[in-house]
Amino acid sequence: MASGTETAAGLGYEEARDELIEVVRRLEAGGTTLEESLALWERGEELAKVCRHWLEGARARLDASLAAERAEEESGE
């Protein structure tokens, strides 16, 4: 798992997702102090934002591609 000081913004989708899964696993397992749990929660929020950013970008690219395909079909090409 990446260190808490490593910015999540530079992670790819799969890296952020995998680390987020690990954060959730650790939180669900319990056995951490309140301070550790809060740090894990904050890291999880940061990782979730990165995943959401990647997914929104992928959706925008897909929408643009579909719109271009429709435009081609309508123009008769």
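Cut-off values and rules
Residues numbered from 1 in each chain as written. Predicted model: local features only at pLDDT ≥ 70, side-chain atom pairs only at ≥ 80, totals over all residues. Heavy atoms only, no water. Helix = DSSP H or I, 4+ residues; strand = E, 2+ residues; numbered from the N terminus. Rg over C-alpha atoms; globule rule 2.2 N^0.38 Å. Buried < 20%, exposed > 50% of the residue type's maximum accessible area, 1.4 Å probe, protein only. Contact = heavy atoms within 4.5 Å. Areas by Shrake-Rupley, 256 points an atom, 1.4 Å probe, with all protein chains shown as cover. Lys, Arg positive; Asp, Glu negative; His and termini not counted. Charge placed at Lys NZ, Arg CZ, Asp CG, Glu CD. Core = buried A, V, L, I, M, F, W, Y, C linked by side-chain atoms within 4.5 Å. Expected span 1.5 Å × (residues − 1).

**Student:** How should the overall build of the chain be read in this particular structure?
**Tutor:** In terms of regular secondary structure, the chain is built from two helices and zero strands. Relative to the globule expectation of 11 Å for 77 residues, the C-alpha radius of gyration of the chain, 18 Å, shows a markedly less compact shape. Seen through its principal axes, the chain has C-alpha atoms that stretch 65 × 20 × 15 Å. Here the chain holds 77 residues, and 16% of them are scored as buried. Pairs at least 24 apart in sequence give 70% of the contacts found in the chain among residues at least 6 apart. Within the structure as shown, the chain displays about 5900 Å² of accessible surface, and the carbon and sulfur contribution to it stands at 54%. The averaged location of the 19 negative side-chain charges in the chain is 3 Å from the averaged location of its 9 positive side-chain charges.

**Student:** Would you mind showing me how to read the nonpolar core here?
**Tutor:** The nonpolar side chains of soluble globular proteins are, as a tendency, buried together. In terms of nonpolar packing, the biggest core is built from eight residues, these being Ala8, Leu11, Ala16, Val23, Leu40, Leu47, Val50 and Cys51. Looking at this core, the elements that each hand over two or more residues are helix H1 (13-29) and helix H2 (34-75). Element by element, the count of residues in this core is highest for H2, at four residues.

**Student:** What should I look at first to understand H2 in this one?
**Tutor:** When the terminal C-alpha atoms of H2 are compared, their 61 Å separation across 42 residues agrees well with the 62 Å that a helix rising 1.5 Å per residue should span. Leu40, Arg43, Gly44, Leu47, Val50 and Cys51 are the residues of H2 that are buried. Elements in contact with the buried residues of H2: H1.

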